[in-house]
Amino acid sequence: MEVLITDGMMKKSLSVLRSVAPIATRTGVVSSYYCSMAGISRFADEQHRVRRTSPRAYVDGVNDVVDRCGYDHVLPVGGWTTNVFSEHRDAVSAPVDEVLPAPESMRIAQDKWRSYLLAKALDVPAPETVRLDSESDLAEAMELQFPIVVKAGTESVPRYVAYASSETELHASFDEYTERYTDAPLAQEYLPGQGCGFFALYLGGESAGTYSHRRIREFPPSGGKSACAESITDDSLSEYGTRILDALGWNGPVMVEFKRDADGTPNLIEINPKFWGSLDLAIASGLDFPGAMLRYLRDGTRPDFSFRPRRFHWPLSGDIQHAVARPDSIPTVLDDIVSPRTATNLSVRDPLPHLVEGAKAVVSPFLGD
C-alpha cells in the first residue's frame, strides 16, 4: 500500500509518517515547500511540493502527484487540507471517504457557532456565546461578563483570539477582526479553568478508540497548543465528546476541545475535525491512530488498543518557547527534558526533521504550510 501524507511541515505529519511507514510499501509527503519536516525524515520515500494557491488548485496538484506516482491513499493531516478534501472529495484521485466524516458533519465541526448550537441541543455544557454578525450584536455580547473572548467563527482559519476586558476593548477587537476577515467572529464567555480534550478515531462510522488529555503547559502560555500534556481517562469528557460525535455520525480522527469552568465542569470550546498537534501523545499511550487507520484501509482490520497514561512534551515545538515566555517554568521544563518518564518526539534515529522543527520555531510567525 502506497500512501501520500499531506502538510509535511507540521509535526503531526511527522507523527503520522513515523506511524504508517512500517505498514506502507511506499510513503510520500506533500508540502508547500521544497523541504519539509516530514519530507526529510528517513521514513519518507519521496517528498512533493504542492502550493496552496486555491482549494481546487491544491486538489489538482495533489491529484497530479497521485496520478504520476501511483499512490493508493492520501491521508490529509492539517485542518485546511482536511476541509478542502472534504469539500472536494469527489474530485480527489485517491479515495478519501473512508478517512473523512460526511460533508455536513464536517461543516458543523468547522463552524464554531453551529458546534455551539449543537452542544446546546445535546445538553453539553458550553460557554455562553454570541455571534457578531454586525456591530449591533455587541450590545448582546456585553451582557457577558468581562473578560470576553473574541475569536474566529471557523475552526481552521483564520487564527484569531483576543481578550476584551472592557467595552472599548470589545469594540476594538470587533473592528480589528472585521477589517481583516470576512466571516463573523464570536464573542464568548471566558472560562478560568484548565484546557482539556477528548480524542477519538472513528472507523466505518464507529468509535475505534478514545482517550482524553490535560494540558500541563501551552504555547503561548495564555492559551495555545500543547507544549506538555498527559493522557488520561475522564468520564465526563468521554460522555460529552461521544455524545457530540455520535450525533454527527462521525468518521475519521477528531479532537473535541473543552475548557473547565470555575466548578471544574468541562465546556465545549470547539471541534477539531482532523489529526491534532499532540498526536504523539496518543501513539505513546498505546493508541496508534494513524497505523490503525491504514490497516483498516488495507484490509478492514479494526484495532484492539491497550491504553496506558503517559506524559509527553515537544521541546522544539512549544515547550522551550513556553520556558522563554514563563521563566518560572524553566525548572519543570528542564526536568521533563531529562526525565525518562516524559516521552518526547525527538528521535536520534530520525534526527533531520528536528533541524527543520527548530528552524520553524524561530520563523513560525511567518510560516504556513
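Residues numbered from 1 in each chain as written. Predicted model: local features only at pLDDT ≥ 70, side-chain atom pairs only at ≥ 80, totals over all residues. Heavy atoms only, no water.

Notes on the overall build of the chain
The helix and strand tally for the chain stands at 13 helices and 15 strands. Here the C-alpha atoms of the chain give a radius of gyration of 20 Å, agreeing with the 21 Å that 2.2 N^0.38 yields for 369 residues. For the chain, the spread of C-alpha atoms along the principal axes amounts to about 60 × 50 × 40 Å. The buried share of the chain, taken over its 369 residues, is 54%. Across the chain, every contact between residues at least 6 apart in sequence was considered, and the portion connecting residues at least 24 apart equals 63%. For the chain, the exposed surface amounts to about 15500 Å²; the carbon and sulfur share of it is 51%. (Helix = DSSP H or I, 4+ residues; strand = E, 2+ residues; numbered from the N terminus. Rg over C-alpha atoms; globule rule 2.2 N^0.38 Å. Buried < 20%, exposed > 50% of the residue type's maximum accessible area, 1.4 Å probe, protein only. Contact = heavy atoms within 4.5 Å. Areas by Shrake-Rupley, 256 points an atom, 1.4 Å probe, with all protein chains shown as cover.)

Here's the deal with helix 7 (residues 167-180)
In this model, helix 7 (14 residues) spans 20 Å end to end at C-alpha, consistent with the 20 Å of a helix rising 1.5 Å per residue. Inspection of helix 7 places Leu170, Ser173, Phe174 and Tyr177 among the buried residues, and these make up the whole buried set. Down the axis of helix 7, the smallest arc covering the buried residues is 100°, so these residues share one side. In helix 7, the exposed residues that point more than 90 degrees away from the buried face are Thr168 and Glu179. Residues of helix 7 that are buried sit in contact with helix 6 (138-141), strand 6 (148-151) and strand 7 (161-164). (Expected span 1.5 Å × (residues − 1). Arc of directions from axis to C-beta.)

A short note on the state of the cysteines
Scanning all chains against the criterion turns up 0 disulfides. No disulfide involves Cys196; its sulfur sits 16 Å from that of Cys228, the nearest cysteine. For Cys196, a relative accessible area of 2% corresponds to the buried category. (Disulfide = S-S within 2.5 Å.)

Topic: the packing of aromatic side chains
All chains considered together, the criterion is met by 14 aromatic pairs. On the basis of an interplanar angle of 15° and a centroid distance of 4.7 Å, the ring pair of Phe199 and Tyr211 is categorised as stacked. On the criterion of sequence distance, the pair formed by Phe199 in strand 9 (residues 195-203) and Tyr211 in strand 10 (residues 206-219) is long-range, its members being 12 residues apart. By relative accessible area, Tyr211 is classed as buried at 2%. Clustering of aromatic rings is evident, with ring pairs tying together Phe199, Tyr211, Phe275, Trp276, Phe289 and Phe305. A cation sits over an aromatic face here: Arg26 above Tyr71, 4.6 Å from the ring centre. (Phe/Tyr/Trp six-rings, centres within 6.5 Å; stacked < 30°, edge-to-face > 60°. Lys NZ or Arg CZ within 6 Å of the ring centre and 35° of its normal.)

Some details on the environment of Glu357
Locating Glu357 in the fold gives a position in helix 13 (residues 352-363). Measuring from C-alpha to C-alpha, the distance between Glu357 and Leu316 comes to 6.4 Å, with 41 residues separating the pair along the chain. In contact with Glu357, not counting residues within four places along its chain, are Lys11, Met37, Leu316, Ser317, Asn345 and Leu346. Within the structure, the side chain of Glu357 is placed 3.1 Å from the side chain of Asn345, a separation counted as a polar contact. (Polar contact = N/O pair within 3.5 Å; in protein donor to acceptor, adjacent residues only side chain to side chain.)

Quick word on the nonpolar core
If you look at the biggest cluster of nonpolar residues, it comprises 61 residues, and the most contacted ones within it are Leu4, Val16, Val62, Leu75, Phe85, Tyr211 and Phe289. Those residues within four positions of Val62 in sequence are excluded, and the remaining contacts are Leu4, Val50, Val74 and Phe85. Ranked by size, the runner-up nonpolar core spans 24 residues in total, among them Ala109, Leu237, Ile244 and Val254. (Core = buried A, V, L, I, M, F, W, Y, C linked by side-chain atoms within 4.5 Å.)

Quick notes on the packing of helix 11 (residues 315-325) against helix 13
The axes of two packed helices give the description: the angle between them and the distance between them. In contact at an axis separation of 9 Å, helix 11 and helix 13 are set at 40° when each is read in the N-to-C sense. Taken together, the axes of helix 11 and helix 13 are oblique relative to one another. Two secondary-structure elements touch here, helix 11 through Leu316, Ser317 and Gln321 and helix 13 through His354, Glu357, Gly358 and Ala361. For the contact of helix 11 with helix 13, the class distribution of residues is 2 nonpolar, 4 polar and 1 charged. (Axes fitted to C-alpha atoms, helices over the stretch in contact; angles between N-to-C directions. Parallel < 35°, antiparallel > 145°, perpendicular 65-115°, else oblique. Nonpolar A, V, L, I, M, F, W, Y, C, P; charged D, E, K, R; others polar.)

Here we look at the confidence of the model for the chain
The predicted model of the chain has a mean per-residue pLDDT of 93, with 98% of residues at 70 or higher. Here residues 365-369 is modelled with pLDDT under 50, and outside its nearest four sequence neighbours on either side it reaches 12 contacts, counting other chains as well. (pLDDT = per-residue confidence, 0-100.)

Some details on the packing of helix 1 (residues 11-20) against helix 10 (residues 289-299)
The geometry of helix 1 relative to helix 10 is characterised by a closest axis approach of 8 Å and an angle of 55° between their N-to-C directions. Here helix 1 is positioned oblique relative to helix 10, judged by the angle of their axes. The element helix 1 and its partner helix 10 pack so that their crossing is right-handed. Touching Val16, Ser19 and Val20 of helix 1 are Pro290, Gly291 and Leu294, all from helix 10. When grouped by side-chain class, the residues that make up the contact of helix 1 with helix 10 number 4 nonpolar, 2 polar and no charged. (Left-handed = near helix turned anticlockwise from the far one by under 90°.)

Topic: a nonpolar patch on the surface
On the surface, Ile320, Val324, Ile330, Leu334, Ile337 and Val338 cluster together into a nonpolar patch covering about 550 Å² of accessible area. Contributions of two or more residues to the nonpolar patch are made by helix 11 and helix 12 (330-338). Inspection of the secondary structure puts Ile330 in helix 12. Given a relative accessible area of 36%, Ile330 falls into the partly exposed group. (Patch = residues over 30% accessible without salt bridge, like charges linked within 9 Å, V, L, I, M, F, W, Y side chains within 5 Å. Salt bridge = Lys/Arg side-chain N within 4 Å of Asp/Glu carboxyl O.)

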